[in-house]
Amino acid sequence: MTAAGNRIAVVTGASSGIGAATARRLAAAGYRVVLTARRKDRIEALAAEINEAGHQATAYALDVTDRAAVDAFATAFRTIAVLVNNAGGALGAEPVATADPDDWRQMYETNVIGTLNLTQALLPALTASGDGTVVVVGSTAGHATYEGGAGYVAAKNGARVLAETLRLEIVGTPVRVIEIAPGMVKTEEFATTRFRGDTEKAAKVYAGVAEPLSADDVADTITWSVTRPPHVNIDLLVVRPRAQASNTKVHREL
């Protein structure tokens, strides 16, 4: 494992779900964690929790789609060890024929442009660390499509291609690029947000699945990946629950 020491890890979308779980895991691994999200109260509470546990965390309210705000945020750092691009999410599950272009635009802005903004702004600090890691939290949606998922699939494909291309372009520099692509993860907000607050519809996503992944399961894979020795790059880690064989093949006990 690589030693964290007092090295900084920035986690976007840290107010809930995978982002919050990753912040806890990286802090426990010894990183000084910087939590970013739009919901300031959430990340401040999480930072307090992490600090009370004897680790180090700071909260910084940030909208990853606001480039001026991202650039201002980046000026605070000379070196950064890890950037976890987790901010994103899905909106809607309508077919292509009737999908709302605004939903597609918002998904692209958060999942792709947000990742681009943070990566561009912090790449000099990641490089200056001498051992930086960029993590893109993608999805199995970025690797295979499914009905009703075109907008999210397109956005996560964009994030996947961003990671792959960046890895090609910065090879030879001391920065690794890792994509973590989770399958079915049951968090408190993902499906509910996708279905615009319809909790009944959100619950059906996981109906009959005994053990979907948890946010902490994904955070565990992220932390494992970034704590490999510096010369080891986990290009892509696909993680699904045992009950899920593909995006469209799930074992349900109904």
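Conventions we followed
Residues numbered from 1 in each chain as written. Predicted model: local features only at pLDDT ≥ 70, side-chain atom pairs only at ≥ 80, totals over all residues. Heavy atoms only, no water. Helix = DSSP H or I, 4+ residues; strand = E, 2+ residues; numbered from the N terminus. Rg over C-alpha atoms; globule rule 2.2 N^0.38 Å. Contact = heavy atoms within 4.5 Å. Areas by Shrake-Rupley, 256 points an atom, 1.4 Å probe, with all protein chains shown as cover. Lys, Arg positive; Asp, Glu negative; His and termini not counted. Charge placed at Lys NZ, Arg CZ, Asp CG, Glu CD. Core = buried A, V, L, I, M, F, W, Y, C linked by side-chain atoms within 4.5 Å. Buried < 20%, exposed > 50% of the residue type's maximum accessible area, 1.4 Å probe, protein only. 1 Å grid on protein atoms, 1.4 Å probe; cavity = no way out; pocket = protein on both sides within 12 Å on 5 of 7 lines; lining within 4 Å. Points joined across faces, edges and corners; volume = space filled by probe spheres on them. Nonpolar A, V, L, I, M, F, W, Y, C, P; charged D, E, K, R; others polar. Phe/Tyr/Trp six-rings, centres within 6.5 Å; stacked < 30°, edge-to-face > 60°. Axes fitted to C-alpha atoms, helices over the stretch in contact; angles between N-to-C directions. Parallel < 35°, antiparallel > 145°, perpendicular 65-115°, else oblique. Left-handed = near helix turned anticlockwise from the far one by under 90°.

Of regular secondary structure, the protein chain possesses eight helices and nine strands. Taking 254 residues into account, the globule formula puts the C-alpha radius of gyration at 18 Å, and the protein chain, at 17 Å, falls close to it. Seen through its C-alpha atoms, the protein chain measures out along the principal axes to roughly 50 × 35 × 35 Å. Restricting the contact set of the protein chain to residue pairs at least 6 apart, pairs at least 24 apart contribute 73%. By element, 53% of the accessible surface of the protein chain is carried by carbon and sulfur atoms, the whole surface being about 11,800 Å². The averaged location of the 27 negative side-chain charges in the protein chain is 3 Å from the averaged location of its 25 positive side-chain charges.

This paragraph deals with the nonpolar core. Residues Leu-26, Tyr-31, Val-33, Leu-35, Val-84, Val-135 and Ile-222 are the most contacted members of the largest nonpolar core, which totals 35 residues. A total of six residues in this core trace back to one element, the largest contributor, which is helix α1 (residues 17–28). Those residues in contact with Val-33 that sit more than four places away from it in its chain are Ala-9, Val-11, Ala-23, Leu-26, Ala-27, Gln-56, Ala-57 and Thr-58. Counting residues in hydrophobic clusters, the runner-up holds 25 residues, among them Val-70, Phe-73, Leu-122 and Ile-170.

Any empty space left between the atoms is revealed when a probe the size of a water molecule rolls over them. By volume, the second largest pocket amounts to about 210 Å³. Along the walls of the second largest pocket sit 16 residues, with Thr-173, Val-175, Arg-176, Pro-230 and Asn-233 positioned nearest its centre. Ranked by the residues each element gives to the lining of the second largest pocket, the list is headed by strand β6 (residues 175–182), at three residues. Partitioned by chemical class, the residues of the lining of the second largest pocket number six nonpolar, six polar and four charged.

Here we come to the environment of Glu-49. As for its position among the elements, Glu-49 is in helix α2 (residues 40–52). Classification of Glu-49 as partly exposed rests on a relative accessible area of 35%. C-alpha separation for the pair Glu-49 and Arg-24, spaced 25 residues apart in sequence, amounts to 9.0 Å.

Following the criterion strictly, the structure yields three aromatic pairs and no others. Between Tyr-60 and Phe-73 the ring centres are 4.7 Å apart and the planes differ by 55°, which places this aromatic pair in the tilted class. Pair noted here: Tyr-60 is in strand β3 (residues 56–61) and Phe-73 is in helix α3 (residues 67–74), with a separation of 13 residues, a long-range link. For Tyr-60, a relative accessible area of 34% translates into the label partly exposed. Ring geometry for Phe-73 against Phe-77: centres 5.1 Å apart, planes inclined by 70°, an arrangement best described as edge-to-face. In terms of burial, Phe-73 and Phe-77 fall into one category: buried. An aromatic cluster is built from Tyr-60, Phe-73 and Phe-77, whose rings are joined through pairwise contacts.

Moving on, we get to empty space enclosed by the protein. Evaluated as defined, the whole model comprises one cavity of 30 Å³ or more. In this structure, the largest cavity spans a volume of roughly 70 Å³. Taken together, 15 residues form the lining of the largest cavity, with Leu-91, Gly-92, Glu-94, Trp-104 and Met-107 sitting closest to its centre. Of all the secondary structure elements, the ones that give two or more residues to the lining of the largest cavity are α4 (101–128) and α5 (150–169).

Turning our eyes to something else, we now look at the packing of α4 against α5. Between α4 and α5, whose axes approach to 7 Å, the crossing angle comes to 15°. In terms of their interaxial angle, α4 and α5 are classed as roughly parallel. Seen from above, α4 lies across α5 with right-handed handedness. Here Trp-104, Met-107, Tyr-108, Asn-111, Val-112, Thr-115, Leu-116, Thr-119 and Leu-123 of α4 lie close against α5, whose contacting residues are Ala-150, Gly-151, Tyr-152, Ala-155, Lys-156, Gly-158, Ala-159, Leu-162 and Leu-166. Residue composition of the contact of α4 with α5, by class: 12 nonpolar, five polar and one charged.

Position of Thr-58 relative to the elements: it lies in strand β3. With a relative accessible area of 47%, Thr-58 lands in the partly exposed category. Along the backbone, Thr-58 and Glu-44 are 14 residues apart, and their C-alpha atoms lie at a distance of 7.6 Å. Setting aside residues no more than four positions away along its own chain, Thr-58 makes contact with Val-33, Val-34, Leu-35 and Ala-47.

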